[in-house]
Structures are given as C-alpha cells and as structure tokens.
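Overview (structure and organization)
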Amino acid sequence: MKADLVLLPGDGVGPEVLRESRRVLERIGEIRGHDFALREALIGGVAIQATGAPLPPETVRACQEADAILLGAVGDPSYDGCEVRPEQGLLELRRRFGLFANLRPVRLLPETAELTPFRPEILAGVDILFVRELTGGIYFGPRQEQEDGYEAYDTMLYRVEEVERIAQVAFRAAKSRKGKITSVDKANVLASSRLWRRVVDEVAGAYPDVEVDHVLVDAFAMHVLRRPATFDVVLTGNMFGDILTDEASVLAGSLGMLPSASLGDATLGLYEPIHGSAPDIAGKGIANPIGTLLRDCHEITIPDQAMLWTV
Ligand code: IPM
Ligand code: MN
C-alpha cells in the first residue's frame, strides 16, 4: 500500500508522542511492505508563532493532498486570554474536512493494568466505543463575548441531519459489535438534547437488532465508572463526548492511553490521541505515547460507510 501521511506534531507533548508514532509507522511500513510518504506541517501554538495563524494555508494544502492526517496535540497556556488560540487550528481542521465522527475506543491493555486505580472485577470485559459528534453542538454554535466583559454566551445547537449522520455511524458500529447503544444527553433540561433523543429513536427504527438506551449525562458519568463493562457503543454530542472520554480514560489507566479517529464521508481521516498538549510534562520524555501509537495500529470498520480505521 502507498499512503501520503501528514504529521502535525503541534504543541507541548505533541512532538514527542508523534516521534514515537513515526518510528512505529516506519517499522509497520517495513514489515508489511507499505510505502508511507511522511510530511510534517504546522498547527496550533507553533503555527501561530511561525505564521500568525493556528492553521496556516500550507497546512490545509498538505492535508488536502494527504490520505490521512496524524496529529500530536494542540494547546499552549501562553495564549490564554488571546483572541487567536492554538485549539482553533484543530477545530478548523475538523470543520473544513467535515470530520463529524470521532471514534474513541476504550480498551484495557494487560501490560498497563497496574496504571488503573480500579479493581479488576470492575474492569473485566470493558470494551467501549465512544462515538462523539465532532463538528456541531456547543463547540460550533453561535457565540459572543460582549465588549464590556460582563456577558458571554455559547449555543448548543443541533440540526436533524447532524444527529442523523452521527447516529448512523453509531448504529452501524453497534451492528458489528454487541448490538447495544447508549445515547447520552441532557434531555431533562436541554432542547437540543430532546431533538437529539428524538432523532436517535427515529434512526433506531432502521436497526431493529440494535438495543438503544437513553441515559442522562450526569448519571452516565457515574455509571461508566461503576459498571463500565455493561456499555458497548456510547453515542453522544461534542462537549459531553469530550468530557466523558477523558473520564473513561481513567479506566484504561491514563489519558495517554486512548486513541481516536475523526472521520467524515470522504476517506480522509484525522488520527490523534485524545489527550491534550500537557505543557506541565512537555519535553521531559515522560508522556505516555500509547494513545498515539494505538491510533496507528487500531482497526475499526464501520460497515456500509466510507469509514475505515486501520493500518
Ligand atoms: C479533544 C481536545 C479538543 C476538543 C481541544 C484541543 C479543542 O480536548 O480532542 O478532546 O475539545 O475537542
Ligand atoms: Mn478533550
């Protein structure tokens, strides 16, 4: 196989975890006879520093020509309070390439079992696939910060089509797994969650073999730690998915353990660990690169969808 890969090391621990990833990829290429062309580009704080923009046009061009994008991390506290922030680079990349489906599998490796604070009987059989909506919700709804500094708002907005397409991904994934979906929302308070719930139920009509449960996000935050092995596919919106996957990473032992793929209708995918730039440990060579490596080695196929995550 021949593939053009764009590497975006980004900020903080990004470059060091991606360096390990590059070594693994080169070795996989040798063993399996793949021809990986690797090209680096700028994103995040390092891109702002070099060009003034968190996602420079050269990076967009490189990604347009690529088969896959591999990201380290973005985020740098020295930009706190600035209008242009490193995270905007990643958000813009997701938006521009229509990467609406973020798959975050939680599986435990026996080799790192000692990292987890949980008792073995709680963890036995844990195998969760989080399907997080990635280009809508409160991350992308209308927002404003008033000039006087006294008022600011963000809007959690979902449209039917946005919920439909992410629900389709979750149902297809569930069909090839244990056939169970837990859809997580806050429908007792939020209108966007009531729409979410209704659309998920409508999509469920086409999948009679898949069992669907709706769980409120606060309760789920507790259940996922008390009985993680009872969940199969967890379908949720952008912000809830962001928070819950950091939480669920504790099951696997650390935030450094979870890989993720951000996919859309086209074949171009963005692959990244779920963790951030961890500036407090950057440059010390102690960041756990497993989430980044797993991302390179993972295999997830969503049937009937141009979605494939495999090396
Ligand atoms: C993640 C990260 C990003 C997010 C940040 C860096 C914008 O936390 O991928 O989970 O919030 O989606
Ligand atoms: Mn996050």
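Note that residues are indexed from 1 along each chain, following the sequence as it is written. Following the order in which they are written, the chains are lettered starting with A and the ligands numbered starting with 1. Predicted model: local features are reported for residues with pLDDT of at least 70 only, side-chain atom pairs are reported and counted for 80 or more only, and whole-chain, interface and lining totals are derived from all residues. Calculated side-chain values reflect all of the structure's heavy atoms, with hydrogen atoms and water omitted.

1. Quick notes on the site of ligand 1
Close to ligand 1 lie Val74, Glu87, Arg94, Arg104, Arg132, Tyr139, Asp242 and Ile274. What qualifies as a polar contact is a pair of N or O atoms within 3.5 Å, subject to a donor-acceptor requirement within protein and to the restriction that residues adjacent in sequence count only when both atoms come from side chains. Here Arg132 contributes a side-chain N or O atom positioned 2.8 Å from an oxygen atom of ligand 1. Interatomic distance of 2.5 Å between a side-chain N/O atom of Tyr139 and an oxygen atom of ligand 1. The accessible surface values rely on the Shrake-Rupley method and a 1.4 Å probe; as for residues, cover is taken only from the protein chains in view. Considered on its own, ligand 1 offers 320 Å² of accessible surface; in the complex 84% of this is hidden by protein. Cavities and pockets were defined on a 1 Å grid built over protein atoms only: a cavity is a set of grid points that admits a 1.4 Å probe from which the probe cannot escape, a pocket is an open set flanked by protein on both sides within 12 Å along at least five of seven lines, and lining residues are those with an atom within 4 Å of any such point. Cavities and pockets are treated as containing a molecule whenever more than half of the molecule's atoms lie within 2 Å of their grid points. Here ligand 1 is seated within the largest pocket. Of the residues belonging to the shell around ligand 1, the class tally is three nonpolar, no polar and five charged. How far each domain reaches was decided by an automatic or database domain assignment. Each of domain 1 (1-99 + 264-311) and domain 2 (105-254) accounts for three or more of the residues forming the shell around ligand 1. In this text, near means that some heavy atom of the residue lies within 4 Å of the molecule or strand in question. The classification used treats Ala, Val, Leu, Ile, Met, Phe, Trp, Tyr, Cys and Pro as nonpolar, Asp, Glu, Lys and Arg as charged, and all other residues, Gly among them, as polar.

2. Notes on the side chain of Glu162
Locating Glu162 in the fold gives a position in helix 6 (residues 160-175). Salt bridges are absent for the buried Glu162, whose nearest opposite-charge side chain, Arg159, sits at 4.0 Å. Among the polar contacts made by the side chain of Glu162, one reaches the main-chain amide nitrogen of Arg159 at a distance of 2.8 Å. Any two residues whose heavy atoms approach within 4.5 Å are treated as being in contact. Residue contacts for Glu162: discarding those within four places in its chain leaves Glu133, Thr135, Gly136 and Leu157. Counting from the N terminus, the helices are the DSSP runs of H or I reaching at least four residues and the strands are the DSSP runs of E reaching at least two. Three exposure classes are used, based on accessible area relative to the maximum for each residue type with a 1.4 Å probe and protein chains only: buried under 20%, partly exposed in between, and exposed over 50%. Residues counted as positive are Lys and Arg, residues counted as negative are Asp and Glu, and His and the chain ends are not counted. Salt bridge criterion: a side-chain nitrogen from Lys or Arg within 4 Å of a carboxyl oxygen from Asp or Glu.

3. Some thoughts on the pattern of salt bridges
With the rule as written, the count across this model stands at 20 salt bridges. For Arg177, the salt bridge identified is with Asp127, shortest N-O distance 3.3 Å. Taken together, the positions of Arg177 in the loop between helix 6 and strand 8 (180-185) and Asp127 in strand 5 (residues 127-133) put the pair 50 residues apart, joining distant regions of the chain. Given a relative accessible area of 23%, Asp127 falls into the partly exposed group. Close ionic contact of Arg177 with Asp232 constitutes a salt bridge, the shortest N to O distance being 2.8 Å. Pair noted here: Arg177 is in the loop between helix 6 and strand 8 and Asp232 is in the loop between helix 8 (217-226) and strand 10 (233-236), with a separation of 55 residues, a long-range link. Here the salt bridges share partners, and the residues they tie into one network are Arg107, Asp127, Arg177 and Asp232.

4. What about the packing of helix 6 against helix 7 (residues 191-204)?
Working note: a packed helix pair is described by the angle between its axes plus the distance between those axes. To define axes, lines are fitted to C-alpha atoms, for helices over the stretch in contact only, and angles between the resulting N-to-C directions are given on a 0 to 180 degree scale. Packing of helix 6 against helix 7 leaves a shortest axis separation of 9 Å and a crossing angle of 50 degrees. For the element pair helix 6 / helix 7, the angle class is oblique. Note on packing geometry: the crossing formed by helix 6 with helix 7 is right-handed. The segment helix 6 lies against helix 7, with Val160, Val163, Glu164, Ile166, Ala167, Gln168 and Phe171 engaging Leu195, Trp196, Arg198, Val199, Val200, Val203 and Ala204. Of the residues in the contact of helix 6 with helix 7, the class split is eleven nonpolar, one polar and two charged. For this classification, under 35 degrees means roughly parallel, over 145 means roughly antiparallel, 65 to 115 means roughly perpendicular, and everything else is oblique. Rotating anticlockwise by less than a right angle from the far helix to the near helix defines a left-handed crossing, while the corresponding clockwise rotation defines a right-handed one.

5. Thoughts on the packing of aromatic side chains
In this scheme Phe, Tyr and Trp rings, the latter by its six-membered ring, pair at centre separations within 6.5 Å, and the angle between planes marks the pair as stacked below 30 degrees, edge-to-face above 60, and tilted otherwise. Overall, the coordinates contain four aromatic pairs when judged by the stated rule. The interplanar angle of 65 degrees and the centroid separation of 4.9 Å between the aromatic rings of Phe220 and Phe231 together place this pair among those described as edge-to-face. Of this pair, Phe220 sits in helix 8 while Phe231 sits in the loop between helix 8 and strand 10, placing them eleven residues apart in sequence. A relative accessible area of 0% places Phe220 in the buried class. When its relative accessible area of 4% is taken as the criterion, Phe231 is described as buried. An aromatic cluster is built from Phe130, Phe220 and Phe231, whose rings are joined through pairwise contacts.

6. Considering the domain arrangement of the protein chain
Looking at the protein chain, the domain boundaries give domain 1 (1-99 + 264-311) and domain 2 (105-254). Between the C-alpha centres of domain 1 and domain 2 the distance comes to 23 Å.

7. A closer look at the packing of helix 8 against helix 9 (residues 238-252)
Helix 9 packs onto helix 8 with a crossing angle of 15 degrees between their chain directions and a minimal axis gap of 10 Å. Considering their axes alone, helix 8 and helix 9 lie roughly parallel with respect to each other. Relative to helix 9, the crossing made by helix 8 is right-handed. Taken together, the residues of helix 9 that come into contact with helix 8 (itself represented by Val217, Phe220, Ala221, Val224 and Leu225) are Phe240, Leu244, Glu247 and Leu251.

8. Describing the nonpolar core
The definition of a nonpolar core used throughout is a set of buried Ala, Val, Leu, Ile, Met, Phe, Trp, Tyr and Cys residues joined through side-chain atoms within 4.5 Å. Counting residues in hydrophobic clusters, the biggest one holds 36 residues, and the most contacted among them are Val131, Phe171, Ile181 and Leu235. For this core, the leading source of residues is helix 6, giving eight residues. Looking at this core, you find at least three residues from each of domain 1 (1-99 + 264-311) and domain 2 (105-254). Among all residues touching Ile181, those that are not within four sequence positions of it are Ala170, Phe171, Ala174, Val210, Glu211, Val212, Asp213, Val233 and Leu235.

9. Looking at unusual backbone geometry
In the Ramachandran plot, Ala278 falls in the positive-phi region, its phi being about 40 degrees despite a non-glycine side chain. The residue Ala278 is located in the loop between strand 12 (269-273) and helix 10 (290-297) in this model.

10. Structural notes on the environment of Gln88
Tracing the chain through its elements places Gln88 in helix 4 (residues 87-96). On the accessibility criterion, Gln88 (33% relative accessible area) is partly exposed. Sequence separation between Gln88 and Gly45 is 43 residues; the distance between their C-alpha atoms is 9.7 Å. Sequence-distant contacts of Gln88, that is, excluding residues within four places in its chain, are made with Pro54 and Glu83.

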